[in-house]
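Summary of the model geometry
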Amino acid sequence: MITTTLFPGRYVQGAGALARLGGELSRLGGRHFVICSPHPLERLLPPLMPELERSGAVRVERFGRECTDAEIERLLVLAKDFGAETIAAIGGGKTLDAAKAVAARAGLPVAIAPTIASTDAPCSSVCIIYTAEGVFSRVDILPKNPDLVLVDTAVVAAAPARFLASGMGDALATWFEADSCRVSRGANIAGTPGSMTAHALARLCYETVRDWGVAAMTACGAGVVTPALERVVEANTLLSGLGFESGGLGAAHAIHNGLTALPGTHGLYHGEKVAFGVLASLVLTDRPLPLMDEVYALCGALGLPTTFADLGIGAATEEDLLRVAEKACAPEESIHNEPVEISPALVAAALKAADAEGRRRKAE
Ligand SMILES: [Zn+2]
């Protein structure tokens with residue numbers, strides 16, 4: 001059997017890590033085109049500029065809100081005019097995805113510096129393209145993973161704790177989905193089954209969030225970096241990134257995609273919807289009660305949604321739920337990696353049971 005494991009070139013993490021961006025970039029080239037989200041452009045970049053400029057010529061460009069083909073093309077032209085040798089990005093998911101796409105089209109190395117730990121996208125070769133109106137358009141799989149991912153945990157700790165919780169929701173799914181793929185020999189992002197390495201890292205990801213998640217949330221709420229916060233940022237970003245990309249996806253992400261059919265869920269972050277996908281997948285795949293207990297208790301403690309009301313769809317009708325389930329069961333969806341029978345009716349039943357369990361626990 002052929003397995004494939006995908007890695008970023010280097011992963012750097014810690015409080016104050018952004019001060020090392022210049023030194024890291026100088027390994028990759030001498031002219032740096034830096035794409036920056038508005039908030040870090042104003043707050044984080046000015047004190048970094050002297051060190052960045054010591055590492056080479058720097059051209060900074062503000063990211064234009066959406067990761068669209070037009071925005072990627074605009075940035076690509078600017079990077080080429082500058083004679084860029086490296087592409088760097090500081091900011092949130094869409095900024096980082098745009099930089100990955102620009103670098104892939106220019107054939108240049110890319111450095112990614114996330115300012116929140118809300119998803120597992122930074123380490124991956126996956127790039128999500130939107131329309132100018134912000135509607136999901138397609139997923140591009142790029143030829144390679146970022147050359148550098150650098151996470152400054154002091155910056156992550158200063159961001160709202162809800163981002164960290166959302167990242168844990170995304171990370172919570174990683175082991176369940178990778179384990180389903182292991183059993184069913186489901187394909188990962190490279191189209192092959194995952195490796196032993198991917199499965200072991202996915203398991204460590206789950207255990208880290210389970211054991212340190214609540215302590216990390218407390219630290220983030222206080223705006224401070226602690227060992228628990230460091231562990232969880234690594235789980236959300238590196239372990240979950242390697243785990244999902246190399247281990248494969250399953251029901252939780254497919255249910256997430258299904259939930260996006262209901263406008264009520266649009267105020268929620270990716271990882272929050274994925275977390276509910278995990279709860280429904282536990283029902284769908286007939287997991288034992290002690291494990292259900294563990295995951296529900298964790299979601300409750302982290303403020304992740306455990307009921308339809310939490311998801312913003314408290315008034316969902318039978319037809320709404322069937323629409324979610326049908327979207328989750330589309331032929332191309334990763335739910336078919338689950339080693340159990342899958343149908344829209346079974347998924348709709350799992351959604352209802354997951355919500356009922358969440359309500360039962362809240363009423364206790
Ligand atoms: Zn995800």
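In this report, the structure presented in the accompanying data block is examined. (Residues numbered from 1 in each chain as written. Predicted model: local features only at pLDDT ≥ 70, side-chain atom pairs only at ≥ 80, totals over all residues. Heavy atoms only, no water.)

1. Concerning the environment of Glu-85
Formally: By definition, any uninterrupted DSSP run of H or I lasting at least four residues is a helix, any uninterrupted run of E lasting at least two residues is a strand, and each is numbered from the N terminus. The criterion used for residue contact is that any of the two residues' heavy atoms lie within 4.5 Å.
Here Glu-85 shows up in the loop between helix 4 (69-82) and strand 4 (86-91). Along the chain, Glu-85 and Tyr-130 lie 45 residues apart, while their C-alpha atoms are 27 Å from each other. If we skip the residues at most four places from it in the chain, Glu-85 touches Leu-28, Gly-29, Gly-30, Arg-31, Leu-108 and Pro-109.

2. A word on the nonpolar core
As a reminder, the rule being used: Nonpolar cores are built from buried Ala, Val, Leu, Ile, Met, Phe, Trp, Tyr and Cys residues. Side-chain atoms within 4.5 Å join them into one set. Under the scheme applied here, a residue whose accessible area is under 20% of the maximum for its type counts as buried, over 50% as exposed, and between as partly exposed, the area being computed with a 1.4 Å probe on protein chains only.
Ile-87, Leu-164, Ile-255, Val-295 and Ile-335 are the most contacted members of the largest nonpolar core, which totals 94 residues. Considering every element that reaches this core, the biggest residue donor is helix 7 (residues 161-184), with 10 residues. When residues no more than four places from it in sequence are discounted, the contact partners of Leu-164 are Ala-117, Val-156, Ala-216, Met-217, Cys-220, Leu-229, Val-232, Val-233 and Asn-236. Core analysis: the next-biggest nonpolar cluster, separate from the first, contains 20 residues, Val-12, Cys-36, Leu-48 and Val-155 among them.

3. Looking at the packing of aromatic side chains
How two aromatic rings sit relative to each other is given by the distance of their centres and the angle of their planes. Formally: Pairing of aromatic side chains here covers Phe, Tyr and the six-membered ring of Trp, requires ring centres within 6.5 Å, and sorts the geometry by plane angle: under 30 degrees stacked, over 60 edge-to-face, intermediate tilted. Charge-over-ring placement is defined geometrically: NZ (Lys) or CZ (Arg) within 6 Å of the ring centre, and within 35 degrees of the ring normal.
Summed over the entire model, instances satisfying the criterion amount to 5 aromatic pairs. A ring pair is formed by Phe-163 and Tyr-269, whose centres lie 5.2 Å apart and whose planes are at 25 degrees; its orientation type is stacked. Residue Phe-163 is located in helix 7, and its partner Tyr-269 is located in the loop between helix 10 (251-259) and helix 11 (270-284); the two are separated by 106 residues in the primary sequence. According to the relative accessible area criterion, Tyr-269 is partly exposed, its value standing at 29%. Taken together, Trp-175, Phe-176 and Tyr-206 form an aromatic cluster joined through their ring pairs. The ring of Tyr-130 has Lys-94 sitting right over it, with the charged end atom 4.3 Å from the ring centre.

4. Notes on the pairing of strand 8 (residues 148-152)
Note the cut-off: Whether two strands pair depends on DSSP finding at least two bridges between them.
Burial within strand 8 is extensive, with 5 of its 5 residues counted as buried. Burial of the side chains of strand 8 extends over both faces: Leu-148, Leu-150 and Asp-152 are buried on one face and Val-149 and Val-151 on the other. Pairing analysis gives 4 bridges linking strand 1 (residues 11-14) to strand 8, with the strands arranged parallel. Opposite Gly-14, over in strand 8, you have Asp-152 as the bridge partner. Sheet topology places strand 5 (residues 110-114) next to strand 8; 2 bridges connect them, and they run parallel. What sits directly across from Ala-111, in strand 8, is Leu-148.

5. A few points about unusual backbone geometry
Positive phi, close to 60 degrees, is recorded for Arg-185, a residue that is not glycine. You can see Arg-185 is positioned in the loop between helix 7 and helix 8 (196-221). Non-glycine residue Asp-286 carries a positive phi angle of around 60 degrees. Locating Asp-286 in the fold gives a position in the loop between helix 11 and helix 12 (289-302). On the accessibility criterion, Asp-286 (68% relative accessible area) is exposed.

6. Let's talk about empty space enclosed by the protein
The line we're drawing: Grid points spaced at 1 Å and placed over the protein atoms alone form the basis of the search, with a cavity being a set where a 1.4 Å probe fits but cannot get out and a pocket an open set showing protein on both sides within 12 Å along at least five of seven lines. Lining residues have an atom within 4 Å of a point. Grid points are joined across faces, edges and corners, and a volume is the space filled by probe spheres set on the points. Gly is put with the polar residues, along with every residue not named as nonpolar or charged; the nonpolar set is Ala, Val, Leu, Ile, Met, Phe, Trp, Tyr, Cys and Pro, and the charged set is Asp, Glu, Lys and Arg.
The tally for this structure, following the rule as stated, stands at 1 cavity of 30 Å³ or more. Considering only enclosed or pocket space, the largest cavity measures out at about 30 Å³ in volume. Along its surface, the largest cavity is lined by Phe-176, Ser-180, Ser-281, Leu-282, Thr-285, Arg-287 and Glu-338. Broken down by secondary-structure element, the contributors of at least two residues to the lining of the largest cavity are helix 7 and helix 11. Taken together, the residues that form the lining of the largest cavity break down as 2 nonpolar, 3 polar and 2 charged.

7. Observations regarding the pairing of strand 7 (residues 136-141)
The sheet contact formed by strand 6 (residues 126-130) and strand 7 spans 5 bridges and is antiparallel. Within the sheet, the bridge partner assigned to Val-126 lies in strand 7 and is Ile-141. Hairpin remark: strand 6 followed by strand 7, antiparallel, with 5 residues in the connecting loop; positive phi at Gly-134, about 85 degrees.

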